[in-house]
Amino acid sequence: MRYLPLTADDRRAMLAKIGAPNVDALFRDVPKSAMAGLSAFDLPDTQGEMEVERALTRLAARNVAAGAAPFFCGAGAYKHHVPSAVDHLIQRSEFLTSYTPYQPEIAQGTLQYLFEFQTQVALLTGMEVANASLYDGSTATAEAVLMAQRITKRGKAILSGGLHPHYAETVETLANLTGKVSRAPVTPGSAEDIIALIDDETACVVVQSPDVFGLIRNLRPIADAAHAKGALLIAVVTEIVSLGLLEPPGAQGADIVAAEGQSIGNGLNFGGPYVGLFATQEKFLRQMPGRLTGETVDAQGRRGYVLTLSTREQHIRREKATSNICTNSGLCCLAFTIHLSLLGEEGLTRLARINHAKASALADRLAALPGVELVTSAFFNEFTVKLPKPAGAVVEALAQKGVIAGVPASRLLSRDRACENLLIVAATETNTDEDFDALVSALEEVL
Amino acid sequence: MSEVRYTDQHEWIRLEGDEATVGITKYAAESLGDVVFVELPPLAKTVTAGGEAAVVESVKAASDIYAPAGGTVTAANSALEKEPSKVNEDPEGAGWFFKLKLADAGEFAKLMDAAAYAKFVEGL
Amino acid sequence: MTMNNQGRPTSVETSRRAPIAPGTHTPEELSTISGDRGLDHEEAPIFELGHGATGVDLPDVQISGDRLGGVRRKDAIGLPGLSEPEVIRHYVRLSRMNYAIDSGLYPLGSCTMKHNPRLNEKMARLPGFGDLHPLAPQSTTQGALELISQLMNWLTTLTGMPAVAMSPKAGAHGELCGMLAIRAALQARGEHRPRVLVPESAHGTNPATAAFAGFTVDEVPALPNGRVDSEALKAKLGPDVAAIMLTNPNTCGLFEGEIIDIAKAVHDAGAYFYCDGANFNAIAGKVRPGDLGVDAMHINLHKTFSTPHGGGGPGAGPVVLSDRLAAYAPVPLLVADAQGLRLIEDRDDAPDGAKPFGRMCAFHGQMGMFSRALTYMLSHGRDGVRQASEDAVLSANYVLASLKDVMSAPFGDGPCMHEALFDDSFLHDTGVTTLDFAKAMIDEGYHPMTMYFPLVVHGAMLIEPTESESKDSLDRFIHVLHTLATEAKAKRIERFAGAPHLAPRRRLDETAAARKPVLRWKREPLKEAAE
């Protein structure tokens, strides 16, 4: 077996040193009844690299990659161009095959990029501090709600109807254990009156902008209303590129920002791994979940970095930890950091403008189709249109024509009849005019 | 006239009138190592003897500080929030954590005196 | 260099590159003009390197801004601008400050740093997987669903369990998923059982998870032989106990021989058995946890099935579930019907009998880890998986047998599983601390072993060599540790004091970092610090 260096001779010599007759003698503490022979496992035997590659390639070929068709899906995961340098760098052995940087003297590479990552996230979101990532945007949102419950010592969390339904369900699954989660009504294309729902028992309001239908929300009035009642505003961002063009949540009064960082540096990967961004104000630092990297000096006074404030974490605080999180999204942070470093100020702002321009152009073309109505008036690179028939069937029909038209709202809100005809459409820098032509003409045929 | 007593959790408590000051012993401060953070109880919080009242953290450990006796918190040493190193420098003086108005002076009387605590530490 | 009260260097000018004190690799008089040393380069944070360049070529498109809802950004973000070669050099230089399994033996106990085959990376990057949208029409994602289905079959077959929830994103997330399934099952039974029993040797994630899932934690002591005290455990069982969380092989690297008995007692008491699967790599292909009475167990794909650790993630933590818990698995659920495979993403659409407790995360889990893990499994095959477990156990026992004469092994009488546990009693009165000993390994070119864990052993040193090392490599490692231990016991402490001496950094001031946290780069940070 190509991954196993020990030879039969090595094994014999090692057993002799140990003083064991055979390897099963080393398993002597396992109850005999629990020792399973190979035949207990109905699975294939070892295969060469070529055979395995063939099997996986066959499976991959049964999928339609985003880059293989005119493609317009978003709703929490976005297709962007990732520069070649990103994937090259994250595959360097020293990054790919290292562990969590518990020995800082020989992990400065990881620690420094995490420090850079934390800085970038804080700058983008307009917040004071950011952690070294959580799993993804949805779990970051759930952690933010738990943190708000800890800070305010209140249980009630109010979720905007525009929060991605998967995020809302993730929050409900966790935060209903520690409090009570309530969801505001779903109002595609408009902002619900969430302020009216805030009361003296509210720990936090959770508002996504742009929301799941693409609508840009104005967070400032919500932040002010929440603060007036002693509650926190958690701002959620699923398309982080939008912050190249939009006022960051920190400048709009958000107390915690939970975001999905996939759009920068990371592929679609059928939903994971992604990278959860988490930022807050310094006064809440001690209540923040996840790892943190801090700057310090070594014994010779040289600048260096360490994991810090780890007493909040599970390996020290155990049942009193702020979260049970251990592994995070290290390598995805690195991809994010490298891509954002390549973009820089000018690149990110240009990228954001291109995305908005593309989406605006496509929205106008779709809205010009008979029976199609643009539902979202203010948007970044994603908007919702109302079709004259159920969007799920339209998307399926267009897929047969080789066009991936977007995400039907019913995929996320299958019980909401008002969403049945809504199609969520994203356009990014990767879309060409030919893609637009293909979508428009295919839609004309189907509608 | 003040009197100091000790717990087997390495807290000290000094009674002056009906108000008592609480901190951690020199032995505790040394075993913790460099203190980097303290979390103090809010004023007017009611604590019971042996109940969690504050938290002290070093780089690698977080420890709860228990109230040696029950009562109401009347003061907290907020200087520690900015300078946690005081706990190491002067644990039984400037490094005090909080003050209590005792509910039951009998609880205080039951704690170890200096000689008993010294003997207790020796036995560890 | 004098230090101010923040532990930072004083009187440092703020130039593009922070001045670096002479390195430590050679005597001070050999300091260089650049501050770099041969192949070792110092590298400032990227924010000090920007100069308005760009690493991407994008057109400058103008927009009207009237469709932005009045919240267009007003201020600059503050990101530095660098060209592609500068960015590449920066991160390549950073990479060279890291230790990695590709460059050396990485004996971190309980972390399983084994070889990461590159075929896995290649397969995960096939556009059909890497460039696939999670909400693309399901008719266009059948290959991905088939991959998940095959991986599920591998995981359930290897564990002898009937069901598996795939969405948890890491081990701790999997633990949470398992405990929430237990919670849901208890609710369905109409029982209130607030207590969870956790051995004191457990990973920190176990008590943290139990608390996170709304349970109170009751610790069970360990026996002098490193196993959980099963009598104490049984005595704690009662109608208020929801579950036990037990790691097997346990965190001391030992198999809990009474496991079947314990599981029976737990079930008789109406509770569930959560097994922490962090150490499944010792028994995969040899022992099926289902045969031990396990009700739920997460599998760290980034440990047992070799998806790379990536400097701290991403991981993946699917959870296998017994018949007693399978119905409560969270959405999404994968089902097969006439059209092929299909994801059920809404709880209300769950098939008859399924009562999903909720959702762990958006979308369907760590697909990028699934493709790597399946590639690894197909490469090894069932025979290779079994051989890998045997080699991991053999290698750990070889290390134990070769070092127990000079290093103290608290449970050294019997065989261990995949980890060899030592304690620091051999360093007693030598003037060498546990930390010194570990840091001296860095100078010898090795990553230190896991230290101070498990907590039940004072001064624990946990060595997990894995199956990826050749005998030569193990022999060199053993020789180094043997010599270090001998040196320490002879009180020749020079090489230990203040080690490491030869790493990119000497010991770092963690106290200063925690007392006055500096968590992001700020313009002219050093001037602020000198206040």
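Residues numbered from 1 in each chain as written. Chains lettered and ligands numbered in written order. Predicted model: local features only at pLDDT ≥ 70, side-chain atom pairs only at ≥ 80, totals over all residues. Heavy atoms only, no water.

What follows is about the overall build of chain B. A tally of regular secondary structure across chain B gives five helices and nine strands. Starting at the N terminus and ending at the C terminus, chain B contains elements arranged as β-β-β-α-β-β-β-β-β-α-α-β-α-α. Over its C-alpha atoms, taken along the principal directions, chain B stretches across nearly 35 × 35 × 25 Å. In chain B, the proportion of contacts linking residues at least 24 apart, taken out of those at least 6 apart, comes to 58%. Accessible surface computed for chain B: about 6,000 Å², of which carbon and sulfur atoms make up 50%. Positive and negative side-chain charges of chain B, numbering 11 and 21 respectively, have mean locations separated by a distance of 2 Å. (Helix = DSSP H or I, 4+ residues; strand = E, 2+ residues; numbered from the N terminus. Contact = heavy atoms within 4.5 Å. Areas by Shrake-Rupley, 256 points an atom, 1.4 Å probe, with all protein chains shown as cover. Lys, Arg positive; Asp, Glu negative; His and termini not counted. Charge placed at Lys NZ, Arg CZ, Asp CG, Glu CD.)

A separate point is the pairing of strand S8 (residues 71–76) of chain B. Residue and element names in this part refer to chain B. As paired elements, strand S5 (residues 46–47) and S8 share two bridges and run antiparallel to each other. Within the sheet, the bridge partner assigned to valine 47 lies in S8 and is glycine 71. Strand direction decides the pairing type here: S8 and strand S9 (residues 98–102), joined by five bridges, are antiparallel. Directly across from alanine 75, in S9, lies its bridge partner lysine 99. (Pairing = 2+ DSSP bridges.)

Before going further, it helps to spend a moment on the pairing of strand S4 (residues 202–208) of chain A. Residues and elements named next belong to chain A. When you tally the buried positions in S4, you get seven out of seven residues, the bulk of the element. In terms of strand pairing, strand S2 (residues 156–159) meets S4 through four bridges, oriented parallel. Bridging across to S4, alanine 157 finds its partner in cysteine 204. Judged from the five bridges that link them, S4 and strand S5 (residues 232–237) form a sheet pairing that is parallel. Paired with valine 205 across the strands is leucine 233, a residue of S5. Once you follow S4 into helix H8 (residues 220–228) and on to S5, the crossover reads as right-handed. (Buried < 20%, exposed > 50% of the residue type's maximum accessible area, 1.4 Å probe, protein only. Right-handed = clockwise from strand over helix to strand, strands pointing away.)

The next point concerns the sheet that holds strand S11 (residues 450–451) of chain C. All names here are of chain C. With respect to topology, three strands assemble into an open sheet ordered S10-S12-S11, the strand pairing being antiparallel. Only two strands of the sheet have a single neighbouring strand rather than two, namely strand S10 (420–422) and S11. As paired strands, S11 and strand S12 (residues 461–463) are joined by two bridges and run antiparallel to one another. Directly across from threonine 450, in S12, lies its bridge partner leucine 462. Of the strands in this sheet, S10 and S12 touch helix H9 (residues 367–403), which is tilted by about 35° from S10. (Axes fitted to C-alpha atoms, helices over the stretch in contact; angles between N-to-C directions.)

The next thing to look at is the side chain of C:Thr375. With respect to the secondary-structure elements, C:Thr375 resides in helix H9. Note on C:Thr375: relative accessible area 0%, which makes it buried. The residues contacting C:Thr375, other than those within four sequence positions of it, are A:Val52, A:Leu56, C:Leu119, C:Asn120 and C:Met123.

In this section: the packing of aromatic side chains. Applying the stated criterion across every chain yields a total of 16 aromatic pairs over all chains. The interplanar angle of 75° and the centroid separation of 6.2 Å between the aromatic rings of A:Tyr274 and C:Phe363 together place this pair among those described as edge-to-face. With A:Tyr274 in the loop between strand S6 (256–260) and strand S7 (276–280) and C:Phe363 in the loop between strand S9 (340–344) and H9, the pair connects residues from two separate chains. Of the residues examined, A:Tyr274 reaches a relative accessible area of 1% and is grouped as buried. By relative accessible area, which is 2% here, C:Phe363 ends up buried. The lysine or arginine in question, C:Lys286, covers the ring of A:Phe27, its NZ or CZ lying 4.7 Å from the ring centre. (Phe/Tyr/Trp six-rings, centres within 6.5 Å; stacked < 30°, edge-to-face > 60°. Lys NZ or Arg CZ within 6 Å of the ring centre and 35° of its normal.)

Mean pLDDT for chain B: 91, with 99% of residues reaching 70 or above. In the model of chain B, strand S7 (residues 62–66) of chain B stands out as the element of lowest mean pLDDT, 88, in contrast to S8(B), which has the highest, 95. (pLDDT = per-residue confidence, 0-100.)

A word on the pattern of salt bridges. This model, assessed by the stated rule, comprises 59 salt bridges over all chains. In this structure, A:Arg220 engages A:Asp224 in a salt bridge whose closest nitrogen and oxygen atoms are separated by 3.3 Å. Taken as a pair, A:Arg220 and A:Asp224 lie in helix H8 at a separation of four residues, close to a single helical turn. Under the relative-accessibility criterion, A:Arg220 is labelled partly exposed at 36%. According to the relative accessible area criterion, A:Asp224 is partly exposed, its value standing at 41%. Put simply, A:Arg350 and C:Asp60 hold a salt bridge, and the shortest N to O gap is 3.9 Å. Placement of the pair is A:Arg350 in helix H10 (residues 330–367) and C:Asp60 in the segment before helix H1 (84–95), with the two residues belonging to separate chains. Ionic contacts of the salt-bridge type, sharing partners, join the residues A:Asp24, C:Lys286, C:Arg386 and C:Glu390 into one network. (Salt bridge = Lys/Arg side-chain N within 4 Å of Asp/Glu carboxyl O.)

On to the nonpolar core, then. The tendency in soluble globular proteins is for nonpolar side chains to be buried side by side. Grouped together as the largest cluster of nonpolar side chains are 122 residues, with contacts concentrated most on C:Leu155, C:Phe305, C:Met407, C:Phe422, C:Phe437 and C:Leu481. No other element matches the 16 residues that H9(C) contributes to this core. Discounting chain neighbours no more than four positions away, the residues touching C:Phe422 are C:Val399, C:Leu400, C:Leu403, C:Lys404, C:Met407, C:Ser408, C:Ala409, C:Pro410, C:Gly459, C:Ala460, C:Met461 and C:Ile463. Judged by nonpolar contacts, the second largest core, of 98 residues, contains A:Ala399, C:Leu321, C:Phe363 and C:Leu519. (Core = buried A, V, L, I, M, F, W, Y, C linked by side-chain atoms within 4.5 Å.)

Their axes nearest at 9 Å, the elements H10(A) and H1(C) cross at an angle of 150°. The angle between H10(A) and H1(C) falls in the class roughly antiparallel. Both H10(A) and H1(C) take part in a crossing whose hand is right-handed. Between H10(A), through A:Leu334, A:Thr337, A:Ile338, A:Ser341 and A:Leu342, and H1(C), the contact on the second element is made entirely by C:Glu84, C:Val87 and C:Tyr91. (Parallel < 35°, antiparallel > 145°, perpendicular 65-115°, else oblique. Left-handed = near helix turned anticlockwise from the far one by under 90°.)

Moving on, we get to the interface of chain C and chain A. Counting residues at the interface gives 214 residues for chain C and 199 residues for chain A. At the boundary of chain C with chain A, total buried surface from both sides reaches about 17,800 Å², with 62% on carbon and sulfur atoms. Among the residues chain C hides against chain A, the three largest losses belong to C:Arg67, C:Arg382 and C:Leu519. Together they make up 5% of the total. Taken together, the connections running from chain C to chain A amount to 18 salt bridges. A salt bridge links A:Asp29 to C:Arg227; the shortest N-O distance between them is 2.5 Å. Along the contact surface separating chain C from chain A lie 99 residue pairs in polar contact (both at pLDDT 80 or more). In terms of residue count, H9(C) provides more of the side of chain C that touches chain A than any other element does, 26 residues in total. (Buried area = accessible area lost by both parts, 1.4 Å probe. Polar contact = N/O pair within 3.5 Å; in protein donor to acceptor, adjacent residues only side chain to side chain.)

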